[in-house]
Amino acid sequence: MTRNTSDPLFQTRVLDAWVDYNGHMNDAEYARVFSLAVEALMERIGLDEAGRAELGYTIYTLETHLCYRQQAHRGEGLSVALTLLDSDAKRLHVLFTLNNVDGDVLATSEQMLMGIDVESGRPAPFPAAVAKAVAALPAAGDEWPSAAGRRIGIRRD
């Protein structure tokens, strides 16, 4: 399993309430952790509560593709790293990678995020300060992660 060495965007632990009848983190809780990572991303690019209020701008999730790799267990430390796959004036295509404390990849979440003008409720270009912060995010560059761009389907030989 490939290890992600990026600085974490978000860190947490597997809470007792997240553990299911199989003794590991419930699948819905992986989605929760990635949702919390989107909030951390928003904070990083200047869209914390104060930034959203000042700019009248927010981020919505349009699409997500979550892949489960390994189990996470009660109390286990987790971190989420971000790779910016692509962006334009109002969208972010990102890959979040969930790792345990040993750096093992537990799950990935590829997401398309859209910038939204709060007043109109419609897509809008990133405010200048947000666009500048987006440009500073860790980008995939020429090495597209193997976990990105996957499609779901049954493979036939």
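First, a word on scope: everything that follows refers to the structure included in this document.

Definitions and cut-offs
Residues numbered from 1 in each chain as written. Predicted model: local features only at pLDDT ≥ 70, side-chain atom pairs only at ≥ 80, totals over all residues. Heavy atoms only, no water. Helix = DSSP H or I, 4+ residues; strand = E, 2+ residues; numbered from the N terminus. Rg over C-alpha atoms; globule rule 2.2 N^0.38 Å. Buried < 20%, exposed > 50% of the residue type's maximum accessible area, 1.4 Å probe, protein only. Contact = heavy atoms within 4.5 Å. Areas by Shrake-Rupley, 256 points an atom, 1.4 Å probe, with all protein chains shown as cover. Lys, Arg positive; Asp, Glu negative; His and termini not counted. Charge placed at Lys NZ, Arg CZ, Asp CG, Glu CD. Core = buried A, V, L, I, M, F, W, Y, C linked by side-chain atoms within 4.5 Å. Salt bridge = Lys/Arg side-chain N within 4 Å of Asp/Glu carboxyl O. Expected span 1.5 Å × (residues − 1). Polar contact = N/O pair within 3.5 Å; in protein donor to acceptor, adjacent residues only side chain to side chain. Phe/Tyr/Trp six-rings, centres within 6.5 Å; stacked < 30°, edge-to-face > 60°.

Attention now moves to the overall build of the chain. Of the regular secondary structure elements, the chain holds 3 helices and 6 strands. Ordering the α and β elements of the chain from the N terminus gives β-α-α-β-β-β-β-β-α. In terms of overall dimensions, the chain is globule-like: its C-alpha atoms have a radius of gyration of 16 Å, near the 15 Å expected for 157 residues. Dimensions of the chain along its principal axes, counting C-alpha atoms only, are 45 × 40 × 25 Å. Counting across all 157 residues of the chain, residues that qualify as buried make up 43%. Sequence-distant contacts in the chain: of pairs separated by 6 or more residues, those separated by 24 or more amount to 69%. As presented, the chain carries roughly 9300 Å² of accessible surface, and 46% of it is formed by carbon and sulfur atoms. Averaged over its 15 positive side-chain charges, the chain has a centre that lies 5 Å from the centre of its 22 negative ones.

Residues Met25, Leu41, Leu92, Phe96 and Leu98 are the most contacted members of the largest nonpolar core, which totals 35 residues. Elements supplying a minimum of two residues to this core: α1 (27-44), β2 (57-68), β3 (77-87), β4 (91-100), β5 (105-117) and α3 (128-135). Among the elements that make up this core, the one with the highest residue count is α1 (8 residues). Beyond its immediate chain neighbours, meaning those up to four positions away, Leu92 contacts Leu41, Ile45, Leu84, Asp86, Ser87, Gln111, Met112, Leu113, Phe126 and Val134. By size, the runner-up hydrophobic cluster in this structure holds 5 residues, among which are Leu85, Leu95, Ala140 and Ala148.

We now examine the pattern of salt bridges. Applying the stated criterion across every chain, the model contains 3 salt bridges. A salt bridge links Arg74 to Asp16, with the shortest nitrogen-to-oxygen separation between them at 3.0 Å. With Arg74 in the loop between β2 and β3 and Asp16 in the loop between β1 (10-13) and α1, this pair connects stretches of sequence that are 58 residues apart. Here Arg74 and Asp16 have matching classes, each one exposed. The salt bridge involving Arg32 is made with Glu29; its shortest N-O contact spans 2.4 Å. Taken as a pair, Arg32 and Glu29 lie in helix α1 at a separation of 3 residues, close to a single helical turn. Taking the relative accessible area as the measure of exposure, Arg32 reaches 42% and is therefore partly exposed.

Another aspect to go through is α1. Here α1 spans 26 Å end to end across 18 residues, near enough to the 26 Å set by a 1.5 Å rise per residue. Restricting attention to buried positions, one finds in α1 the residues Glu29, Tyr30, Val33, Phe34, Ala37, Val38, Ala40, Leu41 and Met42. On its buried face, α1 sits against β1, α2 (49-55), β2, β3, β4 and β5. You can read the cap of α1 off the contacts: a side-chain oxygen lies 2.8 Å from the backbone nitrogen of Ala28, and it is on Asn26. Once α1 finishes, Gly46 follows within two positions and takes phi at roughly 90°, a positive value.

Another point: the packing of aromatic side chains. With the rule as written, the count across this model stands at 3 aromatic pairs. Note on Phe34 and Phe96: the rings are 6.4 Å apart at their centroids and 35° apart in plane angle, and the pair reads as tilted. On the criterion of sequence distance, the pair formed by Phe34 in helix α1 and Phe96 in strand β4 is long-range, its members being 62 residues apart. The residues Phe34 and Phe96 share a single accessibility class, namely buried. On the numbers, 6.1 Å between centres and 65° between planes, the contact of Tyr57 with Phe126 is edge-to-face. In this pair, Tyr57 is assigned in strand β2 and Phe126 in the loop between β6 (122-123) and α3, connecting sequence segments 69 residues apart. By the burial criterion, Tyr57 is buried, and Phe126 matches it.

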